[in-house]
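# Architecture at a glance
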Amino acid sequence: MAGAVEAKLAELGLTLPAVVPPLASYQPAVQSGVYVYTSGQLPMVDGKLPVTGKVGAEVTPEEAKELARTCALNALAAVKSVAGDLDRIARVVKVVGFVASASDFTGQPAVINGASELLGEVLGDKGVHARSAVGVAVLPLDAPVEVEVQVELAEA
């Protein structure tokens, strides 16, 4: 039975995807005490990247913002894989977003707003977090964006 968080996702027309399998030697998420740390989540949809390239060149900032939303959705799936229930999220503590950027692109914060806004829409006040938005030369598989999330869980 889906909890309140998954019901909110459904209300927004979103479905929690399957956890994206690791591309290398790591886990999608790990729990340490009351915290869950996700690995960097790419905007994978059905096992593939819908778009590749650098933001500000092959990928528009608007497309990248939507991809950041997908990354956040994938991060929630990774959190659920170790927490068991998204309703256990007490708060999102930190989001780190990486944007593969053309050399003159400086809109990384607006791109990562896609992830931040999704977490706020889904989790309300529990989705408010600290954040970094970083421009990088290239990301795995030529992904335009990658997002990692740290959440605090309520005791089970």
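Bear in mind that the values here come from a model prediction, so they are computed numbers and not experimental data.

## What about the overall build of the protein?
- On a plain count of helices and strands, the protein comes out with 3 helices and 5 strands.
- Secondary structure elements in the protein, listed N-terminal to C-terminal, are α-β-β-α-β-α-β-β.
- Expected size for 156 residues packed as a compact globule is a radius of gyration near 15 Å; at 15 Å, the protein falls within 12% of this value.
- Judged by the C-alpha coordinates and their principal axes, the protein covers about 45 × 30 × 25 Å.
- Here the protein holds 156 residues, and 43% of them are scored as buried.
- Sequence-distant contacts in the protein: of pairs separated by 6 or more residues, those separated by 24 or more amount to 81%.
- Per element, the accessible surface of the protein, about 7400 Å² overall, is 54% carbon and sulfur.
- Side-chain charges of the protein comprise 11 positive and 18 negative groups, with the mean position of each set lying 3 Å from the other.

## With respect to the packing of helix H2 (residues 61–83) against helix H3 (residues 108–123)
- Contact geometry for H2 and H3: axes closest at 7 Å, N-to-C directions at 45 degrees. The orientation of H2 relative to H3 falls into the category oblique. Between H2 and H3 lies a crossing of right-handed hand. Together, Pro 61, Ala 64, Lys 65, Ala 68, Arg 69, Ala 72, Leu 73 and Leu 76 of H2 and Ala 110, Val 111, Ile 112, Asn 113, Gly 114, Ala 115, Glu 117, Leu 118, Leu 119, Glu 121 and Val 122 of H3 make up the contact between the two elements.
- Residues of the contact of H2 with H3, tallied by class, amount to 13 nonpolar, 2 polar and 4 charged.

## What about the environment of Gly 40?
- With respect to the element layout, Gly 40 can be found in the loop between strand E2 (35–38) and H2.
- For the pair formed by Gly 40 and Pro 22, sequence separation is 18 residues and the distance between their alpha carbons is 9.8 Å.
- Residues within four places of Gly 40 in sequence aside, it is in contact with Glu 146, Val 147 and Glu 148.

## Section: the environment of Tyr 35
- With respect to the helices, strands and loops of the structure, Tyr 35 is situated in strand E2.
- Distance from Tyr 35 to Ser 101, taken between C-alpha atoms, is 30 Å for residues 66 residues apart in sequence.
- Setting aside residues up to four positions removed in sequence, Tyr 35 forms contacts with Val 30, Val 93, Gln 150, Val 151 and Glu 152.

## Notes on the nonpolar core
- The biggest cluster of nonpolar side chains holds 38 residues, and the ones touching the most others in it are Leu 76, Leu 86, Ile 89, Val 111 and Val 151.
- Secondary-structure elements contributing two or more residues to this core are helix H1 (4–11), H2, strand E3 (89–100), H3 and strand E5 (145–153).
- Of the residues forming this core, the biggest block, 12 residues, is contributed by H2.
- Grouped together as the second largest cluster of nonpolar side chains are 7 residues, Leu 49, Ala 100, Leu 139 and Ala 143 included.

The rules behind the values
Residues numbered from 1 in each chain as written. Predicted model: local features only at pLDDT ≥ 70, side-chain atom pairs only at ≥ 80, totals over all residues. Heavy atoms only, no water. Helix = DSSP H or I, 4+ residues; strand = E, 2+ residues; numbered from the N terminus. Rg over C-alpha atoms; globule rule 2.2 N^0.38 Å. Buried < 20%, exposed > 50% of the residue type's maximum accessible area, 1.4 Å probe, protein only. Contact = heavy atoms within 4.5 Å. Areas by Shrake-Rupley, 256 points an atom, 1.4 Å probe, with all protein chains shown as cover. Lys, Arg positive; Asp, Glu negative; His and termini not counted. Charge placed at Lys NZ, Arg CZ, Asp CG, Glu CD. Axes fitted to C-alpha atoms, helices over the stretch in contact; angles between N-to-C directions. Parallel < 35°, antiparallel > 145°, perpendicular 65-115°, else oblique. Left-handed = near helix turned anticlockwise from the far one by under 90°. Nonpolar A, V, L, I, M, F, W, Y, C, P; charged D, E, K, R; others polar. Core = buried A, V, L, I, M, F, W, Y, C linked by side-chain atoms within 4.5 Å.

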